[in-house]
Amino acid sequence: MASERIYQNYINGEFVAAQEYFDVYNPANGQLLSRVPESAPADVERALGAARSGQKPWARLPAVERAAFLHKLADAIRGEAKTLARVITEEQGKISGLAEIEVNFTADYLDYMAEWARRIEGEIIESDRANENIFLYRKPIGVVAGILPWNFPFFLIARKMAPALVTGNTIVIKPSEETPNNCFEFARLLDGVGLPAGVFNVISGGGASTGNAMTASPLVDMISFTGSVETGSAIMRNAAEHIVKVNLELGGKAPSIVLDDANVDLAVKAIRSSRIINTGQVCNCAERVYVQRGIAEEFTDKVARAMADTTYGDPLAQPDVEMGPLINRGGLDKVAAMVENATRSGAEAVTGGSIADLGQGFHYQPTVLSGCRSDMEIMRREIFGPVLPIQVVDDLDEALALANDSDYGLTSSIYTRSLASAMQACRELDYGETYVNRENFEAMQGFHAGARKSGIGGADGKHGLYEYTRSHVVYMEI
Ligand code: NAD
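Everything numeric here is computed off the predicted structure, so don't read it as measured data. (Residues numbered from 1 in each chain as written. Predicted model: local features only at pLDDT ≥ 70, side-chain atom pairs only at ≥ 80, totals over all residues. Heavy atoms only, no water.)

Brief notes about the overall build of the protein chain
Definition in use: Strands here are runs of E lasting at least two residues and helices are runs of H or I lasting at least four, both read from the DSSP assignment and numbered beginning at the N terminus. Radius of gyration: over C-alpha atoms. The globule rule applied is 2.2 Å multiplied by the number of residues raised to the 0.38 power. Note on classification: 1.4 Å probe, protein chains only; a residue is buried when its accessible area is under 20% of the maximum for its type, exposed when over 50%, partly exposed between these limits. Throughout, a contact is declared for two residues whenever any of their heavy atoms are within 4.5 Å. Computed with a 1.4 Å probe, the accessible areas rest on the Shrake-Rupley method; for each residue, only the protein chains presented here act as cover. Counted as positive: Lys and Arg. Counted as negative: Asp and Glu, with His and the chain ends omitted from the count. Every charge is mapped to an atom, namely NZ of Lys, CZ of Arg, CG of Asp or CD of Glu.
Broken down by element type, the protein chain carries 15 helices and 25 strands. Relative to its length of 478 residues, the protein chain is compact, with a C-alpha radius of gyration of 23 Å against a globular reference of 23 Å. Counting every position in the protein chain, which comprises 478 residues, the buried fraction comes to 57%. Within the protein chain, residue pairs in contact and separated by at least 24 positions form 73% of the contacts whose partners lie at least 6 positions apart. For the protein chain, the exposed area adds up to about 18,900 Å²; of that, 50% sits on carbon and sulfur atoms. Charge-centre separation for the protein chain: the mean point of 44 positive side chains lies 3 Å from the mean point of 62 negative side chains.

Re the sheet that holds strand β4 (residues 21-25)
The following threshold applies: In this analysis, strands are considered paired if DSSP registers two or more bridges between them. Angular values range over 0 to 180 degrees, each being the angle between N-to-C directions of two axes fitted as lines to C-alpha atoms, with helices fitted over their stretch in contact.
Ordered in space as β1-β5-β4, the three strands form an open sheet in which the pairing is mixed. Looking at the sheet topology across the chains shown, the edges are occupied by β1 (5-6) and β4. As defined by bridge partners, β4 adjoins strand β5 (residues 32-37) across five bridges and the pair is classed as antiparallel. The residue of β5 that forms the bridge with Y25 is L32. Sheet contacts for helix α3 (residues 81-92): β1, β4 and β5; angle to β4, the most-contacted strand, approximately 95°. Across the sheet, helix α6 (residues 181-192) touches β1, β4 and β5, and the angle it forms with β5 is around 65°.

Describing the site of the ligand
Going by this rule: The near set for a molecule or strand comprises every residue that places at least one heavy atom within 4 Å of it. Counting of polar contacts relies on pairs of N or O atoms within 3.5 Å, with two restrictions inside protein: one atom must be capable of donating a hydrogen and the other of accepting it, and residues adjacent in sequence are counted only when both atoms are side-chain atoms. Only Asp, Glu, Lys and Arg are considered charged, only Ala, Val, Leu, Ile, Met, Phe, Trp, Tyr, Cys and Pro nonpolar, and every remaining residue, Gly among them, polar.
Around the ligand there are 28 residues in total, and L148, E177, S228, T231 and E382 lie nearest to it. Note that an oxygen atom of the ligand is positioned 3.3 Å from one of the backbone N or O atoms of G207. At 2.6 Å from an oxygen atom of the ligand is found a side-chain nitrogen or oxygen belonging to E382. Contributing elements (two or more residues each) for the shell around the ligand: α7 (207-216), β11 (222-226) and α8 (229-242). For the shell around the ligand, the element with the most residues is α7, which contributes three residues. Residue composition of the shell around the ligand, by class: eleven nonpolar, twelve polar and five charged.

Observations concerning the side chain of Q281
Positionally, Q281 belongs in the loop between α9 (264-276) and β14 (288-292). Non-local contacts of Q281, meaning those with residues more than four positions away in its chain, are made with Q92, W150, N151, F152, P325, L326, I327 and F384.

Describing the pattern of salt bridges
What counts, and what does not: One speaks of a salt bridge when a side-chain nitrogen belonging to Lys or Arg is within 4 Å of a carboxyl oxygen belonging to Asp or Glu.
By the definition in use, this model includes 27 salt bridges. Among the ionic pairs, R86 bridges to E90, the shortest N-O distance being 3.5 Å. You can see R86 and its partner E90 sitting in helix α3, four residues apart, about one turn around the helix. Across the salt bridge formed by D394 and R293, the nearest N and O atoms sit 2.8 Å from each other. Separated by 101 residues along the polypeptide, D394 in the loop between β17 (387-393) and α13 (396-404) and R293 in helix α10 (residues 293-308) bring together distant segments of the chain. Since its relative accessible area comes to 45%, D394 is described here as partly exposed. Three or more residues joined by partner-sharing salt bridges are found here, namely D75, R78, D108 and D111.

So, a negative patch on the surface
Selection criterion: Here a patch means residues that are over 30% exposed by relative accessible area and free of salt bridges, tied together within 9 Å if like-charged and within 5 Å if nonpolar (Val, Leu, Ile, Met, Phe, Trp, Tyr).
A cluster of acidic side chains, namely D395, D397, E428 and D430, defines a negative patch on the protein surface. Checked against the element boundaries, D397 lands in helix α13.

Description of unusual backbone geometry
Here the residue pair N440 and F441 is connected by a cis peptide bond, since its omega of 20° sits within 30 degrees of zero. Looking at where F441 falls in the secondary structure, it is placed in the loop between β20 (433-436) and β21 (448-449). For I243, which is not glycine, the phi dihedral falls at a positive 50°. Among the secondary structure elements, I243 is positioned in the loop between α8 and β12 (245-249). Classification of I243 as exposed rests on a relative accessible area of 74%. Even without glycine at this site, N278 takes up a positive phi of about 55°. Here N278 shows up in the loop between α9 and β14. Judged by relative accessible area, N278 falls into the buried class, the value being 4%.

Examining the packing of aromatic side chains
Applicable threshold: Pairing of aromatic side chains here covers Phe, Tyr and the six-membered ring of Trp, requires ring centres within 6.5 Å, and sorts the geometry by plane angle: under 30 degrees stacked, over 60 edge-to-face, intermediate tilted. Charge-over-ring contacts are defined here by two conditions on Lys NZ or Arg CZ: a distance within 6 Å of the ring centre and an angle within 35 degrees of the ring normal.
In this structure the tally under the stated criterion is 13 aromatic pairs. Ring centres of Y109 and Y112 lie 6.5 Å apart, and the angle between their planes is 55°; on these two criteria the pair is classed as tilted. Placement of both Y109 and Y112 in helix α4 (residues 96-114) is noted, with a separation of three residues, approximately one turn of the helix. The exposure class of Y109 is buried, given its relative accessible area of 0%. Here Y112 falls in the buried class, since its relative accessible area comes to 16%. In textbook terms, an aromatic cluster arises when at least three aromatic residues are bridged by ring pairs, as seen for F105, Y109, Y112, W116 and F155. Above the ring of F69, the side-chain terminus of K72 is found at 5.5 Å from the ring centroid. Taking the ring centre of Y431 as reference, the NZ or CZ of R452 above it sits at 5.2 Å.

Things to note about the nonpolar core
In plain terms, the rule: To qualify as a nonpolar core, a set must consist of buried Ala, Val, Leu, Ile, Met, Phe, Trp, Tyr and Cys residues joined through side-chain atoms within 4.5 Å.
Membership of the largest hydrophobic core comes to 62 residues, with the highest contact counts inside it found for I77, L110, I157, M161, L165, F186 and F200. The dominant element in this core, judged by the number of residues it contributes, is helix α5 (residues 153-166), at ten residues. Membership of the second largest hydrophobic core comes to 29 residues, among which are I257, M338, L402 and Y431.

What is shown is where atoms sit, not what they do.
Listed below in structure tokens is the structure:
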């Protein structure tokens, strides 16, 4: 394919060539899209060195001046929203409508985080001494290594760089090797608004190579990572060497509890759309359902029919489809193997249950599995595909116990008309987030954080902003 693009790393305010490159493909049709740098340790050191040199001058700017760059970037993103959405759809496979939502939400997020510039607050603390003042400052941590997954690749750049930059840090981003193109487009727009050199850098490359070199470097002060639990563990091991702060947003296995008194149609609509959005590749979408016995048949029947009606295919060739492909062959094979394992263990595929043969691309049929049990892999491991396993329960207590019996603790949901049941669930669900009578997504002013293996720290809102600061307490006797 002659027209593929070649992207270059963005280091110290310049696009620079690398020694080696790798190919990026469209998961819907296998088309070669671009060649991007496989960054070597020397590229990593160069990018981190640029971020280090740029950090002190950046932190000396008033926060409101730093924020002005984020506002300008937000405007530039809105101006190219359709083109950027296409870049995301091409390399990630999400439908165009969702890609456009991601782009516009990213612009809004940049504006939102920029608005914190005048609201970053320290504290004055009462002293035990007569003539002393105790001041608690919030200061930048320094150089942040931001490592991204592929599922919301454009938004996640902003989720890390916006709070990092407004609080005076500099950052080096490594996008996923599946979806680097949109990140280089982000860098192009940032370059266009005149951001000082070294404040924002992008290097692409593999996880075990480039990602490992970044997180092992002594030049890093904080690692902000979104991705799988396995990679999170590897990153923590590297961080331990130099005692570096980690912020980890890891996987989920969100339970959805549907009680007898729920509005069934609302539950069906919300859970089905959460399971097909981004082809089920969302950290906080319904990954397992616990439905109460009295409405189990009605719910299963309705959700299976709604799933079966889902249209899917190549989102650029067929703009009306509701669902695109899975990200790659590995993702498709994993989903297929998990469903096979479940049906072998006694689950029944009420609809779907197989790889979809569209001639090209990594497509899986929208699938509903009934008769699932809590000891099955499908109820315990993250699926990351359009597959909804359902287990019948007798009451709320049983549902809560099963929901909490998980390595993951990111998000959860409950469908009920009873305030008492909803409040009991909020008290007893051991999760970072709970949705009542709806599913994802979270709000930018909330705080997205997981319990247990779903992560450490969180993102969004005031608490997400302060993740990128450290305290400095001054005792002043004067
Ligand atoms: P992944 O862990 O395979 O890869 C994520 C990133 O880590 C990639 O950039 C990869 O190159 C890099 N990486 C891999 N090995 C590395 C290593 N040894 N050292 C440093 N970097 C390394 O995850 P993925 O498949 O890209 O993303 C899917 C996962 O992300 C799912 O588990 C999903 O739940 C999770 N996720 C979580 C959130 C959240 O907010 N909690 C949001 C989106 C995705």
